[in-house]
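Residues per chain are reported as follows:
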Amino acid sequence: MNLIKEFLKGILIGIANIIPGVSGGTMAVSMGVYDKIIMAITGFLKHFKKSVLILLPYVLGALVGIGALSFFVEYTLSNYPMQTSGAFIGLIIGGIPVIVKRMKGAKLNVQNGAAFLLFFLLVTGMAFLSGNEGAATDIAINAGTVLQLFFVGMIASATMIIPGVSGSMVMMILGFYGIIINSISYFISALVNFNMTVLLHEVGVLMPFGIGVLLGIGLIAKLIELLFTRLPIVTYCAILGLIIGSPIAILKKIGLSSVTLPAVLVTILTFCIGFAISFLLSKDEGE
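A. Inspection of the overall build of the chain at higher detail. A count of helices and strands for the chain gives 14 helices and zero strands. Mapped from its N terminus to its C terminus, the chain presents α and β elements in the order α-α-α-α-α-α-α-α-α-α-α-α-α-α. Classification of the 287 residues of the chain by burial places 49% in the buried group. Considering only contacts in the chain between residues 6 or more positions apart, those separated by 24 or more positions represent 83%.

Pasting the structure below:
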């Protein structure tokens, strides 16, 4: 039963990583498993078996979320952006009680307040700087683009595990979001249809990107572990700033050009459902 819960959390983290404006790191925090995942990554070589057992359900869940549900989320986000975003905002906000509980006894001082404000401004500022990535959805494979994809993977993965910072949004800023998302879709379709020409092309795109992702996660996880060890309260204040700023970034990304009463009512409902799911899944982690 516990493994199923961890797998479901992994699915939500995976989906969050492919939605511009939504942070996979924030979702992990909201699920109450962020520090557990970070410790497992940084101790992977030292405690190999234990780390694998911890990470496996989250990794499998994230792959299912990215691969299988990306089509569904892409459809709902395109056709019902406000309602879909309401669910994600609910998922994010639902984890705040766990963070507050872990900060029990923390004092409001200049250091904690500055960490909160700085990272709140960071995530909201990124939303306003992101702009449009253009129409590029494909890329030619050569030595230059392979190197480029590797570094984009490193940058994107580092931001993916920082709560409040959307790796997808960073890829949009870099101009690679459409390329990677389409490569994932084309790869799955080519795999199902045994189209080797397309399959090999998408492997050429996704492999250097994936290697960069793995390296980026390893490097940034070590830094985050150090912060949790030496400055836990300041780190949680910074994370809280990122979490509270995330809904603003999400709303900025979808825009609110056509708001109707039925859409608002459905959005309130999806928010409540998202909040309940997040609160229930993260409840045990906070105890």
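B. Inspection of the packing of helix H3 (residues 34-42) against helix H12 (residues 196-230) at higher detail. Where H3 contacts H12, the axes come no closer than 9 Å and their chain directions differ by 120°. As far as their axial angle goes, H12 and H3 are oblique. Read as a crossing pair, H3 and H12 show a hand that is left-handed. The segment H3 lies against H12, with Tyr34, Asp35, Ile38, Met39, Ile41 and Thr42 engaging Ile217, Gly218, Ala221, Lys222, Ile224, Glu225 and Phe228. Looking at side-chain class alone, the contact of H3 with H12 contains eight nonpolar, two polar and three charged residues.

C. Representation of a nonpolar patch on the surface. A cluster of nonpolar side chains, Val259, Leu261, Val264, Leu265 and Ile268, forms an exposed patch at the surface whose accessible area comes to about 450 Å². Following the sequence through the fold, Val259 ends up in the loop between helix H13 (232-254) and helix H14 (261-286).

D. Quick look at the environment of Phe88. Structurally, Phe88 can be placed in helix H6 (residues 81-93). According to the relative accessible area criterion, Phe88 is buried, its value standing at 7%. Along the backbone, Phe88 and Ala16 are 72 residues apart, and their C-alpha atoms lie at a distance of 7.9 Å.

E. Looking closely at H6. Counted at 1.5 Å a residue, the expected span for H6 with its 13 residues is 18 Å, and the 18 Å between its end C-alpha atoms agrees. Burial analysis of H6 places 10 of its 13 residues in the buried class, which makes it a mostly covered element.

F. Focus on the packing of helix H1 (residues 2-17) against helix H4 (residues 48-67). Where H1 contacts H4, the two axes come as close as 6 Å, and the packing angle between them is 45°. It follows that H1 is oblique to H4 by the angle criterion. Crossing angle aside, the handedness with which H1 passes H4 is right-handed. Where H1 approaches H4, its residues Leu3, Glu6, Phe7, Lys9, Gly10, Ile11, Gly14 and Ile15 are matched on the opposing element by Pro57, Tyr58, Leu60, Gly61, Ala62, Val64, Gly65 and Ile66. Considered class by class, the residues forming the contact of H1 with H4 number 10 nonpolar, four polar and two charged.

G. Looking closely at the side chain of Thr145. Counting through the fold element by element, Thr145 comes out in helix H9 (residues 143-160). Residue Thr145 is classed as buried on the basis of its relative accessible area of 11%. Those residues within four positions of Thr145 in sequence are excluded, and the remaining contacts are Ile139 and Ala140.

H. Summary view of H1. Taking 1.5 Å per residue as the helical rise, H1 with its 16 residues ought to reach 22 Å, and the 23 Å between its terminal C-alpha atoms agrees with that figure. For H1, the complete set of buried residues consists of Lys5, Glu6, Lys9, Gly10, Ile11, Leu12, Ile13, Gly14, Ile15, Ala16 and Asn17.

I. Structural view of the environment of Ser183. Its place among the elements puts Ser183 in helix H11 (residues 177-193). Judged by its relative accessible area of 2%, Ser183 falls in the buried class. Look past the residues within four positions of Ser183 in its chain and what remains in contact with it is Glu202, Val205 and Leu206. For Ser183, the side chain forms a polar contact with the side chain of Glu202, separated by 2.9 Å.

J. Inspection of the pattern of salt bridges at higher detail. Applying the stated rule across the entire model yields two salt bridges. The partner of Glu6 in a salt bridge is Lys9, and the shortest N-O contact between them spans 3.5 Å. Pair noted here: Glu6 and Lys9 are both in helix H1, with a separation of three residues, about one helical turn. Here Glu6 falls in the buried class, since its relative accessible area comes to 5%. Residue class for Lys9 comes out buried when judged on its relative accessible area of 1%. For Glu6, the salt bridge goes to Lys36, with nearest N and O atoms at 3.9 Å. Here Lys36 lies in helix H3 and Glu6 lies in helix H1, a separation of 30 residues in the sequence. One network of salt bridges, in which partners are shared, links Glu6, Lys9 and Lys36.

Rules and cut-offs
- Residues numbered from 1 in each chain as written.
- Predicted model: local features only at pLDDT ≥ 70, side-chain atom pairs only at ≥ 80, totals over all residues.
- Heavy atoms only, no water.
- Helix = DSSP H or I, 4+ residues; strand = E, 2+ residues; numbered from the N terminus.
- Buried < 20%, exposed > 50% of the residue type's maximum accessible area, 1.4 Å probe, protein only.
- Contact = heavy atoms within 4.5 Å.
- Axes fitted to C-alpha atoms, helices over the stretch in contact; angles between N-to-C directions.
- Parallel < 35°, antiparallel > 145°, perpendicular 65-115°, else oblique.
- Left-handed = near helix turned anticlockwise from the far one by under 90°.
- Nonpolar A, V, L, I, M, F, W, Y, C, P; charged D, E, K, R; others polar.
- Patch = residues over 30% accessible without salt bridge, like charges linked within 9 Å, V, L, I, M, F, W, Y side chains within 5 Å.
- Areas by Shrake-Rupley, 256 points an atom, 1.4 Å probe, with all protein chains shown as cover.
- Salt bridge = Lys/Arg side-chain N within 4 Å of Asp/Glu carboxyl O.
- Expected span 1.5 Å × (residues − 1).
- Polar contact = N/O pair within 3.5 Å; in protein donor to acceptor, adjacent residues only side chain to side chain.

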